[in-house]
Amino acid sequence: MTGLLLLQIAVILVAARLCGLLLARLGQPPVIGEMAAGVLLGPIVFGAALPGVHAALFPAGSTAPLEGLATIGIVLFMFVIGAELRAPDGARAQVLAATRVASLSALLPFALALLVAPLLHVTLAPAGVGFWPFALYLAVALSVTAFPVLARILKDRHLQQTPIGRLALSAAALLDVAAWIVLALLVALTGDGGWTTLVRTLSGLALLLVLVYAGLRPLYAWLLHRHASDGRPSGTVLAMLMVGLFACAAATEWLHLHAVFGAFLFGTCLPRDDRLVHTLVERIEHIALVLLMPVFFALAGMGTTADAFTAAGLGAFLLILLVAVAGKLLGGGLGAKLSGYGTRDSLAVGSLMNARGMIELIVMKVGLDAGLIGPPMFTLLLLLAMATTLMTGPLLGLFGHRLPRPAPQRDPGG
């Protein structure tokens, strides 16, 4: 079994790296290629083309170790995302602008998703899942923005220090926090066990918030100030960070939420120190992104199903794509327009808020684990995450923010 696990990881990494490099050469974030690699390794492509080889490489019941690695990967990733988040800074007008963009780029797709949910619930909701849990989950899933992918796109286009870049990043930070809170409450409200479990979950979550912000926050602030004042924690301090991280992740898992909520929560309680974030990215995020997240993408691809590709399924995909893109473009664009930005810059902000990437996959994983969606809807949302992130670059170019041209090479002999 150990040999099979190592072979599975090797195949996953090769596929992820090749697809990532291919998409990077096409001017797209490499994460889209890694997501595509997961789909290629799943039953829709690899399983259909070489069913015998696929069954031998990923036999039934052999994915439990991969699921453990994938969970560790998303826990580490969401921890770093939480540590990276910053409240909008600067003048009051900038904070209000970010709040407008975040609010409207969430509320408009949320409302549109609720409008189309009756058309999707009948055919795509799992048996036993009521309309409102399904509709509210769909609304949250279509409202998220991928903060890390957004940051990567802005960096690649040298837009991170521009007004629209700072506005989009600030709005995405606010939106991420709100989305995780709403999703956590939704999972708690739809859990099994009736009111007793619901009260226990919400009470436990409130207690955890108090413990994290009143207890762990000052404790880790003191620990890092005393033993990592340069922003580079030693092995012992880093181990203590991991203890807090996995304890919080385990707590939210025990509360019938998902481990990602605890990981994100613990990350947000750490001191806002760019040097510390750089170290966490260097030591933790690189391992999570290079080794563990491709495993998560591969498992996501294995959770897809060809049953989604019926006429009704394709119609549903076009509908949610329209709702997702229109909601973000119009909502984010209106928020920027109301804040005094020009039409093209406003639409560029809306385009940036439309990037979903791996955050959408994590939201999908939470929904699938909670039983709010089944494999067909999971498949359609995976395609949505890829499509909306792929179109971010072209939309930015359309609205006047193209990739910078490389500097001309100077002739050595001249």
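Computed from a predicted model, the values in this text were never measured in an experiment.

Parameters and conventions
Residues numbered from 1 in each chain as written. Predicted model: local features only at pLDDT ≥ 70, side-chain atom pairs only at ≥ 80, totals over all residues. Heavy atoms only, no water. Helix = DSSP H or I, 4+ residues; strand = E, 2+ residues; numbered from the N terminus. Buried < 20%, exposed > 50% of the residue type's maximum accessible area, 1.4 Å probe, protein only. Areas by Shrake-Rupley, 256 points an atom, 1.4 Å probe, with all protein chains shown as cover. Lys, Arg positive; Asp, Glu negative; His and termini not counted. Charge placed at Lys NZ, Arg CZ, Asp CG, Glu CD. Axes fitted to C-alpha atoms, helices over the stretch in contact; angles between N-to-C directions. Parallel < 35°, antiparallel > 145°, perpendicular 65-115°, else oblique. Left-handed = near helix turned anticlockwise from the far one by under 90°. Contact = heavy atoms within 4.5 Å. Nonpolar A, V, L, I, M, F, W, Y, C, P; charged D, E, K, R; others polar. Salt bridge = Lys/Arg side-chain N within 4 Å of Asp/Glu carboxyl O. Core = buried A, V, L, I, M, F, W, Y, C linked by side-chain atoms within 4.5 Å. pLDDT = per-residue confidence, 0-100. Polar contact = N/O pair within 3.5 Å; in protein donor to acceptor, adjacent residues only side chain to side chain. Expected span 1.5 Å × (residues − 1).

Undergrad: Give a description of the overall build of the protein chain that names residues and reports values.
TA: When you go through the protein chain residue by residue, the secondary structure sums to 18 helices and 0 strands. The C-alpha extent of the protein chain, read off along each of the three principal axes, is 60 × 50 × 50 Å. Split into buried and exposed, the 414 residues of the protein chain put 52% on the buried side. Of the roughly 18300 Å² of accessible surface on the protein chain, 69% is carried by carbon and sulfur atoms. Positive and negative charge centroids in the protein chain, built from 24 and 18 side chains respectively, lie 9 Å apart.

Undergrad: Go over the packing of helix α5 (residues 64-84) against helix α11 (residues 235-254), please, and point to the residues and values.
TA: Between α5 and α11, the least distance of the axes is 11 Å, while the angle of their chain directions is 110°. Considering their axes alone, α5 and α11 lie roughly perpendicular with respect to each other. The chirality of how α5 crosses α11 is right-handed. On α11, the residues touching Ile72, Val75, Leu76 and Phe79 of α5 are Met242, Leu245, Phe246 and Ala249. A breakdown of the residues in the contact of α5 with α11 according to their chemical character gives 8 nonpolar, no polar and no charged.

Undergrad: Could you give an account of the pattern of salt bridges, naming the residues involved and the relevant values?
TA: Per the stated rule, a full pass over the model turns up 4 salt bridges. Ionic pairing is found between Arg275 and Asp273, a salt bridge with its closest N-O pair at 3.3 Å. Close ionic contact of Lys365 with Asp369 constitutes a salt bridge, the shortest N to O distance being 3.3 Å. Here Asp369 and Lys365 lie together in helix α16 (residues 357-369), a separation of 4 residues that amounts to about one turn. Under the relative-accessibility criterion, Asp369 is labelled partly exposed at 47%.

Undergrad: Any chance you could break down the nonpolar core for me, citing the residues and the numbers?
TA: One recurring pattern in soluble globular proteins: nonpolar side chains tend to sit buried together. Judged by nonpolar contacts, the single largest core of 148 residues is most densely connected at Phe79, Tyr137, Trp180, Phe266 and Leu381. Sort the elements by how many residues they give to this core and helix α13 (residues 274-302) lands first, with 15 residues.

Undergrad: Residue-level account of the environment of Leu265, with values.
TA: Mapped onto the elements of the fold, Leu265 is located in helix α12 (residues 259-268). Under the relative-accessibility criterion, Leu265 is labelled buried at 9%. In the structure, Leu265 is positioned 184 residues away from Ile81 in sequence and 9.9 Å away in space, judged by C-alpha atoms.

Undergrad: How would you explain the confidence of the model for the protein chain if you had to name every residue and give the values?
TA: Of the residues in the protein chain, 94% reach a pLDDT of 70 or more, and the chain-wide mean stands at 87. Confidence, expressed as mean pLDDT per element, reaches its minimum in the protein chain at helix α8 (residues 147-156) with 76 and its maximum at helix α14 (residues 311-338) with 95. Scored below 50 in pLDDT, residues 405-414 shows 0 contacts in the model against residues more than four places distant or in partner chains.

Undergrad: Outline the side chain of Ser351, supporting the account with residue identities and numerical values.
TA: Turning to its location among the elements, Ser351 is positioned in helix α15 (residues 343-353). Here Leu347 takes part through its backbone oxygen, which lies 2.8 Å from a polar atom of the side chain of Ser351. Every residue in contact with Ser351, bar those within four places of it in the chain, is listed here: Leu329, Thr392, Leu395 and Phe399.

Undergrad: Describe α16, naming the residues involved and giving the relevant values.
TA: The α-helix winds at 3.6 residues per turn, so residues separated by three or four positions along the chain end up facing the same way. In this model α16 runs 19 Å from its N-terminal to its C-terminal C-alpha over 13 residues, within 8% of the 18 Å that 1.5 Å per residue would give. In terms of residue burial, α16 counts as a mostly covered element, since 10 of its 13 residues are buried. Listed in full, the buried residues belonging to α16 are Gly357, Met358, Ile359, Glu360, Leu361, Ile362, Val363, Met364, Val366 and Gly367. Looking one or two residues past α16, Gly371 carries a phi angle of roughly 80°, positive in sign.

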